[in-house]
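Structural characterization, general
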Amino acid sequence: MNITNNATLLPHNTFGIDVRAAKLMIVEPGDAIPRLDEPFVVVGEGSDMVFTRDYNGTVVVLSHTDCVEVMPDGLRLKVWGGMVMDKLVEWSLANGFFGLENLSAIPGTVGAAAVQNVGAYGAEAKDTIDTVETVDLVTGECRTYSNTECRFGYRSSRFKQSEGHELITYVTFRLSRTYTPNLSYKALTDLPHETAMQIRQSITDMRWSKLPRPEEHGSAGSFFKNPVVDEETYCRLKKAHPDMPDAHPMSASSSGQPTYKLSAGWLIDRAGWKGRNMGRVGVWHQNALVLYNLGGCTGSEVNALAVAIQTDIRQKFGITLTPEAIIV
Ligand SMILES: Cc1cc2nc3c(=O)[nH]c(=O)nc-3n(C[C@H](O)[C@H](O)[C@H](O)COP(=O)(O)OP(=O)(O)OC[C@H]3O[C@@H](n4cnc5c(N)ncnc54)[C@H](O)[C@@H]3O)c2cc1C
């Protein structure tokens, strides 16, 4: 284990924000994990986080060591929570384990993939997660959660809803030894997908044609969640903006009424923000949902642009956008 005081978090967030942590603790597989006093926060690759100020506590990072164990049944892989998710996808395909290929090129670590239930191109992490192992950083208690106990939802899980005391040390995936293409994302049917490596390449190419590459422009991916609205709101907006993308009724809300998921990207684009900059932060020219670092931006600048967009969308459409990225 490596502990540094007054450490820069620049290598630990993909937005490229230069703040410092009072203490940075990097944990290796096999390390005994100490109990911590609050405040602390767990950071994977920081690809869904925006740091707005120095952190006056302990930042816990699992080393990004590749660590995969094939379980005796030959179908499950037990993986270190700090391993980079895309490296796991690559490893699994190279070794004949299938099911993760549609999650290719999502930034971040294996542990965070479980926290966030990451998803893209018709797949979600929850489809293949068997169990999640944790250590409570306050009490030291170790637990193993089944898939059901993880309470996975849309980009969420019990780990996201909890106070963040639980550090995910290992995730076990249940995969298939036979490749069956998942083509539920329609555009994939027209792209090479005969082998798992081909679909991985198709997805990787498609992803980076629409998103800023982290090594070129810092970002946290989609900055806002797609808002979920009631039928009356959806119909009002559709009448006022017939070109707004159609939304299909989702499962009923607690009141029993159908709900509709709107495209936050469309709302931001329609409000004229695509390609605009404020300070050293911009709205990505090919995807209005992505805010990015023009060079040397601060978290406060990111926040200022996010608030300006939220205010404008509320005024123009009566819709409140909430950040998907975690603001620390
Ligand atoms: C360009 C770009 C594209 C993206 N595309 C997608 C996409 O298509 N689909 C998608 O779902 N997401 C996407 N994201 C978001 C991001 O990749 C995911 O949310 C990812 O899971 C974050 O991983 P991370 O390791 O960087 O986690 P971080 O951002 O560091 O942390 C995210 C959350 O998980 C917690 N956490 C991290 N590791 C652990 C752990 N080991 N134990 C307990 N808690 C932990 C943190 O405390 C925090 O609350 C994208 C991001 C970028 C920058």
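The following refers to the structure shown. Keep in mind that what you see is a predicted model, and the values were worked out from it rather than measured. (Residues numbered from 1 in each chain as written. Predicted model: local features only at pLDDT ≥ 70, side-chain atom pairs only at ≥ 80, totals over all residues. Heavy atoms only, no water.)

Our next topic: the site of the ligand. The ligand sits among 34 residues. The nearest are Val42, Gly44, Ser47, Pro107 and Thr109. In this structure, an oxygen atom belonging to the ligand sits 2.9 Å away from a main-chain N or O atom of Glu45. In the model, an oxygen atom of the ligand is placed 2.6 Å from a nitrogen or oxygen of the Ser47 side chain. About the coverage of the ligand: the protein hides 91% of its 980 Å² of free accessible area. Secondary structure elements with two or more residues in the shell around the ligand: α2 (110-116), β8 (119-120), β12 (166-174), α4 (196-210) and β13 (219-222). If you tally residues by element for the shell around the ligand, the top one is α2, at five residues. Taken together, the residues that form the shell around the ligand break down as 18 nonpolar, 11 polar and five charged. (Near = heavy atom within 4 Å. Polar contact = N/O pair within 3.5 Å; in protein donor to acceptor, adjacent residues only side chain to side chain. Areas by Shrake-Rupley, 256 points an atom, 1.4 Å probe, with all protein chains shown as cover. Helix = DSSP H or I, 4+ residues; strand = E, 2+ residues; numbered from the N terminus. Nonpolar A, V, L, I, M, F, W, Y, C, P; charged D, E, K, R; others polar.)

Once that is clear, we can look at the packing of helix α1 (residues 85-94) against α4. It is the contact of α1 with α4, at a shortest axis distance of 10 Å, that shows an interaxial angle of 155°. Here α4 runs roughly antiparallel to α1, going by the angle between their axes. Crossing handedness for the pair α1 and α4: left-handed. Contacts between α1 and α4 involve Asp86, Val89, Glu90, Leu93 and Ala94 from the first element and Ala196, Met197 and Arg200 from the second. Residues that form the contact of α1 with α4 fall into these classes: five nonpolar, no polar and three charged. (Axes fitted to C-alpha atoms, helices over the stretch in contact; angles between N-to-C directions. Parallel < 35°, antiparallel > 145°, perpendicular 65-115°, else oblique. Left-handed = near helix turned anticlockwise from the far one by under 90°. Contact = heavy atoms within 4.5 Å.)

By volume, the second largest pocket is sized at about 240 Å³. Along the wall of the second largest pocket there are 13 residues; nearest its centre are Glu45, Pro107, Trp208, Pro214 and Glu215. Looking at the lining of the second largest pocket residue by residue, the classes come out as six nonpolar, three polar and four charged. Counting only domains with at least three residues in the lining of the second largest pocket, you end up with domain 1 (68-209) and domain 2 (213-327). (1 Å grid on protein atoms, 1.4 Å probe; cavity = no way out; pocket = protein on both sides within 12 Å on 5 of 7 lines; lining within 4 Å. Points joined across faces, edges and corners; volume = space filled by probe spheres on them. Domains from an automatic or database assignment.)

Leu291 and Ile309 are the most contacted members of the largest nonpolar core, which has 46 residues in total. Of all elements in the fold, only β2 (20-27), β4 (49-50), β5 (55-62), α5 (231-240), α6 (264-270), β18 (281-283) and α7 (299-317) reach the threshold of two or more residues within this core. If one sorts the elements of this core by residue count, α7 sits on top with six residues. Of all hydrophobic cores here, the second largest spans 36 residues; its members include Ala123, Ala125, Cys150 and Phe173. (Core = buried A, V, L, I, M, F, W, Y, C linked by side-chain atoms within 4.5 Å. Buried < 20%, exposed > 50% of the residue type's maximum accessible area, 1.4 Å probe, protein only.)

Here we take up the environment of Ser219. Here Ser219 shows up in strand β13. For Ser219, a relative accessible area of 9% gives the class buried. As a C-alpha pair, Ser219 and Gly46 span 173 residues in sequence and 9.9 Å in three-dimensional space. If we ignore the near neighbours within four places in the chain, the residues touching Ser219 are Thr14, Phe15, Ser47, Pro212, Val290, Leu291 and Tyr292. From its side chain, Ser219 meets the backbone nitrogen of Gly221 in a polar contact 3.1 Å long.

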